[in-house]
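Take a look at the letters that make up each chain.
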Amino acid sequence: MKLPVSWLSEWVDVSADAPAIADALTRRGFYVEGIETLGAEYPGVVVARVLEVARHPNADRLSLCQVDSGAGAPLSVVCGAPNVRPGMIAALATVGAKLPDGTVIRRSRIRGEESQGMLCSARELALSDAHEGILDLEAFVDGGARPLPAIGAPIQPLMPAPDQVLEIEVPFNRPDGLGIVGLAREVKAALNGAWTAAARARLSAGWSAGGARFPVTLEDDEGCPYYLAQAIERVTIGPSPRWLQDRLALVGQRSINAIVDLTNYLLHELGQPLHAFDLARLEGGEVRVRRAREGERLVTLDGRERALTREVLVIADRARPVALAGIMGGADSEVTESTTALLLECAWFEPRRVRRGAKALGLSTEASKRFERGVDPAIGPRAVARFVELLLALQPGARVAAAGAAGAMPVASPTITLRRARIERLTGLALDSATAAAHLRALEFDVASGAVETLDVRVPSFRRDVALEDDLVEEVARAHGYDAIPEAPLETLGAHATRTRRELVLASARRAMLARGVTEAWTTTLVSEREAHAVAALLGDAPESLVRLANPMSRESEVLRPNPVPGLLRAVAHNLKQGVRGVRLFEVGAGFTWGADESNAPRLPQETPMLAAVATGPLWAHAHDPAHGAEELDFFAAKGLWQAWLEEMRVDTPEWRSYAAPGWKPGASAEVVAATSRIAWAGVLAPPLLRAWDIEVPVQLFVALLEPFLTATETRPAVRLPARFPPVRRDLAFFVPQAVTHRQVERTLVAAAGERLASIELFDVYHGPQSPPGMKSLAYGIAFQHSERTLTEPEVQTIQDRMVAAVAREWSGHLREQR
């Protein structure tokens, strides 16, 4: 939400500057993201009259103009604008003038002709992006509605006054903050200000549907409890006056025409969306509010034809839908240049119905954002009165005609009892009842004294988020200042907390990855459906297992992540865009999927604790050797990182197996198995998947399931003293079939050797001319040791024979020297 200080000052009398207002709002929960200064200075730019326009002798698209700058003899100015004409009043940047973009005007020769200044377009004056022609100052001042300064006078008085605009993040539960009035109310309370006389008149303005009746029918009074309609005749559709265009530009709204601009103006000022229909294009001269019927279609103002469902609430005439209720109007009933009579709509739509309709159509607008959160139901009549007031001021010939109202205004103003003791219990603030009442009255709550040390508080209609006593406590604490809440030590009464098995395992997983030099990241659990489908396939999860939100806020946050990978890839993309080549990130968090429905209990998503890590960039962050500095992290280097993490997590002999699934680079991914259970995946992500995140470099991914660690029996590393007697070492090389893995042979040798085996290490793998067909050689360095004596040669030979026989029996292998 944008809050111009000039607009704010029309509503409240405060002497604070923009930074002070920003600080006050931020302290009260309306975080101000920044302050932007709009408007410019125009030194050396004057009002001028074009006297003559001739074709440039050396260029077809340039004109040679004689311009009266009010400073004596006419100036010669070369101009390329197609709209320049004799008699035109324009802005002339004289020699030495400085434009808003920093350009300094100098005397120059253009295609051989001298130019003594520049006639300026709207873009060169930082008024808009229009640059097709120079700015016609007579049209700029509303066609003569405002007097033009004399020729040669500075143009500064004609330009919008410099203003400061606050960019505010409005909490979702505070829809009243989506209007200038709501934010002005907060500023007034925070800075001890007061409503201006004009503001008090606007807030007390009334409206009634007296006189001729306009027919309004509520066929769905649940979706639309209250609807106001006001017909206005003899209107003229044309451009808005300059003040209105400038005011809308401050909040980022482009001007369309006077009628539409007024509805947008009041949307930002009061927070009440309004819509204007061309009355002549409403068939039957009536309005019906109903659910859309199956098969109905509507072309909306953005030019798109939309198929409607029963989820969508529509405004219809006698024959067809003419608008999406609370979302967007229809093209068939929009106000155009030929409109002479309009129907103004002001309604209160049920927030959930608007939210469902907007989601069903994939359409979000400024109006729907406000209706979805809940518009103040009492502001509607004031908004209609304000619109009529402004329109009649712009077009005195317009006439207010028939009006209609249907339904009952859903104004809920509950009365809540607030106890002083409750304030102190929750916040530690020892405030008396008078102070608490003063804070609430400043926020326009109606406060009356109840019993001893209690207040009876009536909640205003614009604060639909306040429903409980604790909500009032929050309001008092917010108004008094969160920084005034005293620090209080936690009373444990001698008790101490113990960490659960889950907490210990998650902490160990973090420490183990941090010890590898990987940085921890925290990312959002809400992702887009496209992202969720892509990363679910990595681990073999089916699309139907995804957990979708019933009412997502946006298409980027509509699915609970099946694993933490999407957020990490976003972080990688962001780091790469900032020039960080080496990215090492991990996250410990939950993945969400639908579990098997094996009972009659309510179906709930399954939360699976996971660790996910990503790595990309150079293998060595700091390398003095240029050759090492250019070496990129590959699968095997990353595998060493992940293997080190598994060892620190005490995974007993993990087995790495080849793995393939959509999203992984073919031939560069693996699954990790321990005790017959799959516990992790690792590999290189495929380029098509990475391009969805705008990543063009290889990324290594590791995902581990933490559930096996939570359910496993806790083990502690055993400590064994070094043996007093020397080991006996043997080197054994076996020929085994090509398909047999080192891990399979190693397990066989360990099992056959028994307790006398001290260590075993693979030191050579060979396949070549000396190998039998279909065989390969695996060579192991083996040590045998007894804790109480030196092993004899026959004992070692017996163990060795057992090992050789086991390899022959289980894997059809034999010692390399055997033929």
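Before reading on, note that the structure itself is shown above.
Quick notes on the rules
Throughout this document, residue positions are counted from 1 along each chain, in the order its sequence is written. The model is predicted, so local features are restricted to residues of pLDDT at least 70 and side-chain atom pairs to those at 80 or more, both for listing and for counting; the totals for chains, interfaces and linings are taken over all residues. The side-chain values count all of the structure's non-hydrogen atoms but skip hydrogen atoms and water molecules. Secondary structure elements follow DSSP: runs of H or I no shorter than four residues count as helices, runs of E no shorter than two count as strands, and numbering proceeds from the N terminus. Only the C-alpha atoms count toward the radius of gyration. The rule for a globule is 2.2 Å times the residue count to the power 0.38. Each residue is assigned to one of three classes by its accessible area relative to the maximum for its type, calculated with a 1.4 Å probe on protein chains only: buried under 20%, partly exposed between the two thresholds, exposed over 50%. Any two residues having at least one pair of non-hydrogen atoms within 4.5 Å are treated as being in contact. Computed with the Shrake-Rupley method and a 1.4 Å probe, the accessible areas treat only the protein chains shown as cover for residues. Positive charge is attributed to Lys and Arg, negative charge to Asp and Glu, and no charge count is given to His or to the chain ends. Lys charges are placed at NZ, Arg charges at CZ, Asp charges at CG and Glu charges at CD. Strands pair, by our definition, only if DSSP identifies at least two bridges between them. Only the contacting stretch of a helix is used when fitting its axis, a line to C-alpha atoms as for every element, and angles between N-to-C directions run 0 to 180 degrees. Grid points spaced at 1 Å over the protein atoms alone were grouped into cavities, where a 1.4 Å probe fits but cannot get out, and pockets, open sets with protein on both sides within 12 Å along at least five of seven lines, with lining residues defined by an atom within 4 Å of a point. Grid points are joined across faces, edges and corners, and a volume is the space filled by probe spheres set on the points. Residue polarity is assigned by list, with Asp, Glu, Lys and Arg as charged and Ala, Val, Leu, Ile, Met, Phe, Trp, Tyr, Cys and Pro as nonpolar; anything else, Gly included, falls into the polar class. Throughout, the term roughly parallel applies to angles under 35 degrees, roughly antiparallel to angles over 145, roughly perpendicular to angles from 65 to 115, and oblique to all others. With the far helix as reference, a near helix turned anticlockwise by less than a right angle produces a left-handed crossing, and one turned clockwise produces a right-handed crossing. A pair of aromatic rings is counted whenever rings of Phe, Tyr or Trp (Trp by its six-membered ring) have centres within 6.5 Å, and the orientation is called stacked for planes under 30 degrees apart, edge-to-face for over 60 and tilted otherwise. Think of it as a cone above the ring: NZ of Lys or CZ of Arg counts as a charge over the ring if it is within 6 Å of the ring centre and within 35 degrees of the ring normal. To define a nonpolar core, start from buried Ala, Val, Leu, Ile, Met, Phe, Trp, Tyr and Cys residues and group those joined through side-chain atoms within 4.5 Å. By arc we mean the arc of the directions from the helix axis to the C-beta atoms, nothing more. What counts as a salt bridge is simple: a side-chain nitrogen of Lys or Arg found within 4 Å of a carboxyl oxygen of Asp or Glu.

Student: Which residues make up the overall build of the protein chain, and what values go with them?
Tutor: What the protein chain contains, in helices and strands, is 22 helices and 40 strands. Here the protein chain has a C-alpha radius of gyration of 38 Å; the compact-globule value for 819 residues is 28 Å, and the former is much larger. Each principal axis of the C-alpha distribution contributes one length, and for the protein chain these read about 120 × 90 × 60 Å. When each of the 819 residues of the protein chain is scored for burial, the buried share is 48%. A separation threshold of at least 6 residues defines the contact pool for the protein chain, and within that pool the share at least 24 residues apart is 70%. Counting only carbon and sulfur atoms, one obtains 51% of the accessible surface of the protein chain, whose full area is about 40200 Å². Of the side chains in the protein chain, 90 bear a positive and 101 a negative charge, and the two mean positions are spaced by 2 Å.

Student: Explain the sheet that holds strand E22 (residues 342-348) to me, and be specific about the residues and the numbers.
Tutor: The antiparallel open sheet is built from four strands, whose spatial order is E15-E22-E14-E23. The sheet terminates laterally at strand E15 (275-278) and strand E23 (399-407), the two strands that pair on one side only. Going from strand to strand, the sheet's axes swing by 20° on average, the running direction of each strand aside. The pairing of E15 with E22 spans four bridges and is classified as antiparallel. Across the sheet, the residue bridging to Asp278 is Leu342, located in E22.

Student: Tell me about the sheet that holds strand E38 (residues 757-766), and please be specific about residues and values.
Tutor: Read across the sheet, four strands follow the order E38-E39-E37-E40 without closing on themselves; strand pairing throughout is antiparallel. Edge positions in the open sheet fall to E38 and strand E40 (814-815), since each of these has one partner strand only. As defined by bridge partners, E38 adjoins strand E39 (residues 775-784) across eight bridges and the pair is classed as antiparallel. Residue pairing across strands places Leu757 opposite Phe784, the latter belonging to E39. Packing of helix H22 (residues 793-811) onto the sheet brings it into contact with strand E37 (728-737), E39 and E40, and relative to E37 it is tilted by some 15°.

Student: Explain the environment of Asp731 to me, using residue names and the numbers behind them.
Tutor: Tracing the sequence through the fold places Asp731 in strand E37. The exposed category is assigned to Asp731, whose relative accessible area is 60%. Spatially, the C-alpha atoms of Asp731 and Glu761 are 9.6 Å apart, while their sequence positions differ by 30 residues. With residues near it in sequence (within four places) discarded, Asp731 still touches Phe763, Tyr780, Gly781 and Ile782.

Student: So what's going on with the pairing of E37? Residues and values would help.
Tutor: Burial runs high along E37: seven of the ten residues are buried. Direction of pairing for E37 relative to E39: antiparallel, over a ladder of ten bridges. Residue Leu732 lies in a different strand from E39, and its bridge partner there is Tyr780. Bridging between E37 and E40 involves two bridges; their strand directions are antiparallel. Bridge pairing in E40 places Phe734 opposite Leu815.

Student: Describe empty space enclosed by the protein, with residues and values.
Tutor: Counted under the stated rule, the structure contains one cavity of 30 Å³ or more. There is about 30 Å³ of room inside the largest cavity. Forming the boundary of the largest cavity are Tyr226, Leu228, Gln272, Cys346, Ala347, Trp348, Pro377 and Gly380. At the level of secondary structure, the elements contributing two or more residues to the lining of the largest cavity comprise strand E14 (226-233) and E22. At three residues, the largest contribution of residues to the lining of the largest cavity is made by E22. Counted by class, the lining of the largest cavity contains six nonpolar, two polar and no charged residues.

Student: An account of the environment of Asn58 is needed here, citing residue identities and associated values.
Tutor: Mapped onto the secondary structure, Asn58 falls in the loop between strand E4 (45-55) and strand E5 (63-68). Asn58 sits 53 residues away from Arg111 along the chain, and the two C-alpha atoms are 6.1 Å apart. Setting aside residues no more than four positions away along its own chain, Asn58 makes contact with Arg111 and Gly112.

Student: Requested: an account of the side chain of Gln116, with residues and values cited.
Tutor: Inspection of the secondary structure puts Gln116 in the loop between strand E9 (113-115) and strand E10 (117-119). Leaving out residues up to four positions away in the same chain, Gln116 has contacts with Pro74, Leu75, Ser76, Val77, Val95 and Arg107.

Student: Describe in detail the packing of helix H14 (residues 501-514) against helix H18 (residues 635-648), supporting the description with residues and values.
Tutor: Relative to each other, H14 and H18 sit at 140°, their axes nearing to 9 Å. The orientation of H14 with respect to H18, classified from their angle, is oblique. Crossing handedness for the pair H14 and H18: right-handed. Between H14 and H18, the residues in contact are Ala509, Ala512 and Met513 and Trp642, Trp645 and Glu648, respectively.

Student: Describe the packing of aromatic side chains, with residues and values.
Tutor: Summed over the entire model, instances satisfying the criterion amount to eight aromatic pairs. Taking 5.1 Å as the distance between ring centres and 75° as the angle between the ring planes, the aromatic pair formed by Phe349 and Phe371 counts as edge-to-face. Remark: Phe371 occurs in helix H9 (residues 366-373) and Phe349 occurs in the loop between E22 and helix H8 (351-361); sequence separation between them is 22 residues. Pair check on accessibility: Phe349 and Phe371 agree, each one buried. Centre to centre, the rings of Trp645 and Phe702 are 5.7 Å apart; their planes meet at 70°, and the pair counts as edge-to-face. With Trp645 in helix H18 and Phe702 in strand E36 (residues 700-705), this pair connects stretches of sequence that are 57 residues apart. Summarising the burial analysis for this pair, Trp645 and Phe702 share the class buried. Ring-pair connections join several aromatic residues into one group, and the members of that group are Trp642, Trp645, Phe702 and Phe709. Just above the ring of Trp11 sits the side chain of Arg202; from NZ or CZ to the centre is 5.1 Å.

Student: Summarise unusual backbone geometry; cite the residues concerned and give the values.
Tutor: Although it is not a glycine, Ala126 sits at a positive phi angle of roughly 60°. As for its placement among the helices and strands, Ala126 is situated in the loop between E10 and helix H3 (137-140). Within the chain, Asp694 stands out as a residue other than glycine whose phi angle is a positive 60°.

Student: Explain the nonpolar core to me, and be specific about the residues and the numbers.
Tutor: Ranked by size, the top nonpolar core spans 95 residues in total, and within it Trp11, Tyr227 and Ile315 carry the most contacts. In terms of residues, this core owes the most to one element, helix H10 (residues 380-394), which gives seven residues. Discounting residues that sit within four places of it in the chain, Tyr227 has contacts with Val216, Leu218, Phe277, Val287, Val289, Ile315, Glu345, Cys346, Ala347, Gly404, Ala405 and Ala406. Core analysis: the second largest hydrophobic core is formed by 34 residues, Val505, Leu506, Trp642 and Phe709 among them.

Student: Could you give an account of helix H11 (residues 420-427), with specific residues and numbers?
Tutor: Three or more residues of H11 are buried, namely Arg420, Ile423 and Thr427. All buried residues of H11 project into a common sector of 60° when viewed along the axis, lining one side. Buried residues along H11 sit in contact with strand E24 (415-419), helix H12 (433-442) and helix H13 (469-480). At the C-terminal side of H11, Gly428 shows a positive phi close to 80°.

Student: Can you tell me about the pattern of salt bridges, naming the residues and giving the values?
Tutor: Counted by the stated rule, this structure contains 50 salt bridges. For the salt bridge of Asp220 with Arg353, the shortest nitrogen-to-oxygen distance reads 2.7 Å. Residue Asp220 is found in the loop between strand E13 (216-218) and E14, and its partner Arg353 is found in helix H8; the two are separated by 133 residues along the sequence. Here Asp220 matches Arg353 in class, with each residue buried. Between Arg581 and Glu632 there is a salt bridge, with the nearest N and O atoms lying 2.8 Å from each other. Linking Arg581 in the loop between helix H16 (565-577) and strand E31 (583-594) with Glu632 in the loop between helix H17 (626-629) and H18, this pair joins segments that are 51 residues apart in sequence. We classify Glu632 as partly exposed; its relative accessible area is 40%. Residues joined by salt bridges that share partners form a network here, namely Arg28, Arg174, Asp176, Glu186, Arg463, Asp465, Glu475 and Arg478.

All quantities given are derived from atomic positions and should not be read as evidence of function.
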